[in-house]
Amino acid sequence: MTIRRLRLGLNIDHVATVRNARGGAHPDPLRAALLAKSAGVDSITAHLREDRRHIRDADVAQLMNDVGLPLNLEMAPTAEMVGIATKHAPHAVCLVPENREEITTEGGLEVAGLQDRLGPMVRQLMSAGCRVSLFIEADIAQLKAAAALGVPVVELHTGRYCEAKGASRSLELERIRSSAKEAALLGLECHAGHGLAFDNVKPIAAIPEIVELNIGHFLIGEAVFIGLKEAISEMRRLMDEAMAVS
Ligand code: PXP
C-alpha cells in the first residue's frame with residue numbers, strides 16, 4: 001500500500017504585506033520562511049504581483065537561495081513576469097490571473113480562452129526548468145485546456161468552496177472532488193488552495209488525488225494569535241487526520 005503524502009506549502013505574501021505597511025524590513029518574509037521550514041512545511045509559495053504589494057524582486061532571490069525549500073512562485077502570465085521567472089528559475093511557477101484592483105486572486109485562470117497566449121509562456125518556463133502549474137477553477141473545460149497545454153500540474157481554486165455555506169458548500173466540494181479525479185485521469189498533478197483554514201481544510205485534504213495544499217492568509221493571520229509554528233503544526237495535524245480517514 002502506498003501512503004499518500006499531502007504536501008503543505010506556506011504562502012508568505014502577507015508577512016511581506018505587513019512589512020511593506022511601514023516601508024522597513026520587519027517582519028522579514030525570509031525569517032518566516034525559515035521558521036516555517038522548521039515547522040515542517042514542504043515548500044514556500046509567494047506571489048510576485050505586478051504592483052509588488054506583497055513580495056518584491058529581491059525577496060524572490062532570497063527565498064530561493066537562503067531557505068532550502070522549493071519555491072513556488074505565483075505570477076500573472078505577462079512578459080515581465082516570465083522574464084523574472086526564467087532568470088531565477090524557481091522550482092515551480094504557478095500562473096494566476098491578476099487584476100490590479102482585486103484584493104486577492106478572485107478566480108481561476110481562463111485557460112480555455114487563452115491557450116494561444118499561454119502556450120509560448122508555458123514552454124519558456126518549462127524550458128527554464130520550472131514546474132508549471134495553472135491556477136484554475138474546478139471545471140472540466142479548464143482542466144482539458146490545461147492538459148492540452150502540456151503543463152504537469154494544476155492548482156484548483158478552493159475559494160468558492162470556502163465561501164459557500166450549507167448545501168452550496170457541498171456542491172462546491174463535489175465540483176472540486178470530481179475535478180481532482182478528472183485531473184488525475186488527464187495525467188495532471190493536482191494541487192489546491194485559496195481560503196483554506198482550520199475549519200474547512202479537512203474535506204479538501206481528504207480528496208485522494210490532491211497532493212499539495214498552498215495556504216497563506218489564514219496561517220499568517222492565525223500566527224498573530226498562536227504563533228507561526230503552532231499554526232502550521234495544527235494545519236498539518238488536521239491534514240494528516242483527514243488523510244487517515246480518507
Ligand atoms: N494558491 C494560489 C494560486 C493563490 O493565488 C493563493 C493566494 O495568493 C493561495 C493559494 C493562498 O490563498 P490564501 O492566502 O487564501 O490561503
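Here, the structure is the one placed above.
A brief look at the structure comes next. (Residues numbered from 1 in each chain as written. Predicted model: local features only at pLDDT ≥ 70, side-chain atom pairs only at ≥ 80, totals over all residues. Heavy atoms only, no water.)

Right, let's talk about the site of the ligand for a bit. If you check the shell around the ligand, you find 13 residues, and the closest are Glu 74, Glu 155, Gly 195, Gly 216 and His 217. Glu 155 places a polar side-chain atom, nitrogen or oxygen, 2.5 Å from a nitrogen atom of the ligand. Note that an oxygen atom of the ligand is positioned 2.8 Å from one of the backbone N or O atoms of His 217. When the free accessible area of the ligand is taken as 390 Å², the share hidden by the protein chains comes to 94%. Classifying every residue of the shell around the ligand gives 4 nonpolar, 7 polar and 2 charged. (Near = heavy atom within 4 Å. Polar contact = N/O pair within 3.5 Å; in protein donor to acceptor, adjacent residues only side chain to side chain. Areas by Shrake-Rupley, 256 points an atom, 1.4 Å probe, with all protein chains shown as cover. Nonpolar A, V, L, I, M, F, W, Y, C, P; charged D, E, K, R; others polar.)

The end-to-end C-alpha distance of helix H5 (residues 115-127) is 18 Å, a good match for the 18 Å that 13 residues give at a rise of 1.5 Å each. Taken together, the buried positions of H5 are occupied by Leu 118, Gly 119, Met 121, Val 122 and Leu 125. Gly 129 sits one or two positions beyond H5 and adopts a positive phi of about 95 degrees. (Helix = DSSP H or I, 4+ residues; strand = E, 2+ residues; numbered from the N terminus. Expected span 1.5 Å × (residues − 1). Buried < 20%, exposed > 50% of the residue type's maximum accessible area, 1.4 Å probe, protein only.)

If you walk around this closed barrel you meet the 8 strands as E1-E2-E3-E4-E5-E6-E7-E8, and the pairing is parallel. Neighbouring strand axes in the sheet, compared pairwise and without regard to direction, differ in orientation by 25 degrees on average. Bridge analysis of strand E1 (residues 7-11) against strand E2 (residues 43-47) gives 3 bridges, and the strand direction is parallel. Across the sheet, Asn 11 pairs through a bridge with Thr 45, a residue of E2. Along the sheet, helix H8 (residues 166-185) contacts strand E6 (153-157), strand E7 (189-193) and strand E8 (210-215); its crossing angle with E6, the most-contacted strand, is approximately 175 degrees. (Pairing = 2+ DSSP bridges. Axes fitted to C-alpha atoms, helices over the stretch in contact; angles between N-to-C directions. Contact = heavy atoms within 4.5 Å.)

Contact geometry of H5 with helix H6 (residues 140-149) gives a least axis separation of 10 Å together with a crossing angle of 40 degrees. By the criterion of interaxial angle, the relationship of H5 to H6 is oblique. The two elements H5 and H6 meet at a crossing, and its hand is right-handed. Where H5 approaches H6, its residues Gln 115, Leu 118, Gly 119 and Val 122 are matched on the opposing element by Ala 145, Ala 148 and Leu 149. Classifying every residue of the contact of H5 with H6 by side-chain character gives 5 nonpolar, 2 polar and no charged. (Parallel < 35°, antiparallel > 145°, perpendicular 65-115°, else oblique. Left-handed = near helix turned anticlockwise from the far one by under 90°.)

The next thing to look at is the pairing of E1. Across the 5 residues that make up E1, a large majority, 4, are buried. Here E1 runs beside E8; their pairing, made up of 4 bridges, is parallel. Among the inter-strand pairings, Gly 9 is bridged to a residue of E8, identified as Asn 214.

The next thing to look at is the pairing of E2. Within E2, 5 of the 5 residues are buried, which leaves it mostly tucked inside the rest of the structure. Because side chains alternate across E2, one face comprises the buried residues Ser 43, Thr 45 and His 47, and the other comprises Ile 44 and Ala 46, equally buried. Note that E2 and strand E3 (residues 71-75) share 4 bridges and pair parallel. Bridging from a neighbouring strand, Ile 44 pairs with Leu 71 of E3. Traced from E2 through helix H3 (residues 57-65) to E3, the parallel crossover comes out right-handed. (Right-handed = clockwise from strand over helix to strand, strands pointing away.)

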